[in-house]
Amino acid sequence: MRVWLALTACTMVWVSGALSSWSEALPGVLGGAVRSVQAGPVTVQAGDNGVSTDTLRRIAESAQSISAVLLPPGLGAAVRVPSARPRLVLYSDPKGYAAAAQVAFPRSELTTVMSQTAGFTDGLTVVIPLYKYTDPSYLTNTLAHELTHAALNAAGIGPRLPAWVNEGYAWYNGLAAQSRVNPASAAKLQSELWHEVSTAVADGAFQPVAANPDASLTAREYNVEFADFLAVRDVIRAGGMARFDRFLAGVPQLGANGSFQREYGETLEQFAERWQPAGRPAETG
Ligand SMILES: [Zn+2]
């Protein structure tokens, strides 16, 4: 059973190469006036008329705070390069989100994407279905999660990382952002997801994070991206954020395995094969 799936699943699209044409094809962007707010390095844009100016401003504040506080220096610098600035596009109803999803996903996946994703990132563009959120702290979680993917893409790191590192680090920042605005809701979410993971471990059903697929939309009895988060959290706890930032910064030159080996003394593959979840996640830091 996958609790919280609708609120926690994330899907990234790696169709890079044609990012600018993808962006131009977004509904609400072609023709007419574009309403957007600049939030530090992030442009926040209304995808349809249902997104109020107040909402734009509120989300821009959140995005600015996330990129300033949660991204380590290497990633923070990457998104400040003008050609690598992320863009958030917000939709107030399923119609707009469906139109955006149609640009990014094959037709066969659209039903799943519409029902099970809480947002997605394609290159530097983050698409958010606002209508799916009733609890603002979950929206904050998703903004931080997807902006992390976009920042990794901006730095040329994202496509070179195994899915578990990419998702795990996005979850790390997502939960940290959620904790900042609503510690109780972040703790409750982690508690529920931890229960699933620990049950899978007890049942012998837990699988190494290295086997986790690119997309989270597969049937497992636990949320695989939460397992990814636990693994990344343990890496960050073991060596600190500065070392993790150095690992990320080394990926374009050395590859994920080589950079990880330089910082942690084993390859990423070795770590992912041996790592098992241990200890209840009391906090995200
Ligand atoms: Zn994700």
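Summary of the structure given here.

**What to know about the packing of helix α3 (residues 53-69) against helix α7 (residues 136-154)**
If you want to describe how two helices pack, look at the angle between their axes and the distance between the axes. Packing of α3 against α7 leaves a shortest axis separation of 10 Å and a crossing angle of 50°. One finds that α3 runs oblique with respect to α7. Classified by chirality, the crossing of α7 by α3 is right-handed. In this structure, α3 contributes I59, S62, A63, I66 and S67 to the contact, and α7 contributes T140, L143, A144 and L147. Among the residues making up the contact of α3 with α7, the classes are represented as six nonpolar, three polar and no charged.

**Thoughts on the pairing of strand β6 (residues 125-129)**
Of all five residues in β6, five are buried; the element is thus mostly enclosed. Residues T125, V127 and P129 line one face of β6 and the alternating positions V126 and I128 line the opposite face, and both faces are buried. Bridge count between strand β4 (residues 87-91) and β6: five bridges; the pairing is parallel. In the sheet register, Y91 faces β6, and the bridge partner there is P129. Note: strand β5 (residues 120-122) against β6, three bridges, orientation antiparallel. Within β6, the residue paired with T121 across the bridge is V126.

**A short note on helix α9 (residues 183-203)**
Given a rise of 1.5 Å per residue, 21 residues ought to cover 30 Å, and the 30 Å separating the end C-alpha atoms of α9 matches this to within 8%. Listed as buried for α9 are A186, L189, Q190, L193, W194 and V197. Relative to the axis of α9, the buried residues are bounded by an arc of 130° and lie together on one face. Set apart from the buried face of α9 by more than 90 degrees, the exposed residues are A184, K188, S191, A202 and D203. Those residues of α9 hidden inside the fold are in contact with α7, α8 (163-181) and α10 (224-264). Where α9 ends, the next residue or the one after it, G204, has phi of about 75°, a positive value.

**A word on the pairing of strand β3 (residues 42-46)**
By the criterion of burial, β3 is predominantly enclosed, with four of the five residues buried. The pairing of strand β2 (residues 36-39) with β3 spans four bridges and is classified as antiparallel. Following the sheet pairing, A39 is matched in β3 by V42. Between the antiparallel neighbours β2 and β3 lie two residues, among them G40 with a positive phi of about 60°. Relative to β4, β3 runs parallel, the two being bridged by four bridges. Within β4, the position partnered with Q45 by the bridge is V89.

**Observations regarding the nonpolar core**
Counting residues in hydrophobic clusters, the biggest one holds 74 residues, and the most contacted among them are A63, L88, L90, L147 and A151. When residues of this core are assigned to their parent elements, the largest contribution, 16 residues, is made by α10. Lining this core are residues from two domains, each supplying at least three of them: domain 1 (5-159) and domain 2 (164-274). Apart from residues no more than four positions distant in its own chain, L147 is found in contact with V42, A63, I66, S67, P86 and V126.

Analysis parameters
- Residues numbered from 1 in each chain as written.
- Predicted model: local features only at pLDDT ≥ 70, side-chain atom pairs only at ≥ 80, totals over all residues.
- Axes fitted to C-alpha atoms, helices over the stretch in contact; angles between N-to-C directions.
- Helix = DSSP H or I, 4+ residues; strand = E, 2+ residues; numbered from the N terminus.
- Parallel < 35°, antiparallel > 145°, perpendicular 65-115°, else oblique.
- Left-handed = near helix turned anticlockwise from the far one by under 90°.
- Contact = placed C-beta atoms within 7 Å.
- Nonpolar A, V, L, I, M, F, W, Y, C, P; charged D, E, K, R; others polar.
- Buried ≥ 20, exposed ≤ 12 C-beta atoms within 10 Å, placed from the backbone.
- Pairing = 2+ DSSP bridges.
- Expected span 1.5 Å × (residues − 1).
- Arc of directions from axis to C-beta.
- Core = buried A, V, L, I, M, F, W, Y, C linked by C-beta atoms within 7 Å.
- Domains from an automatic or database assignment.

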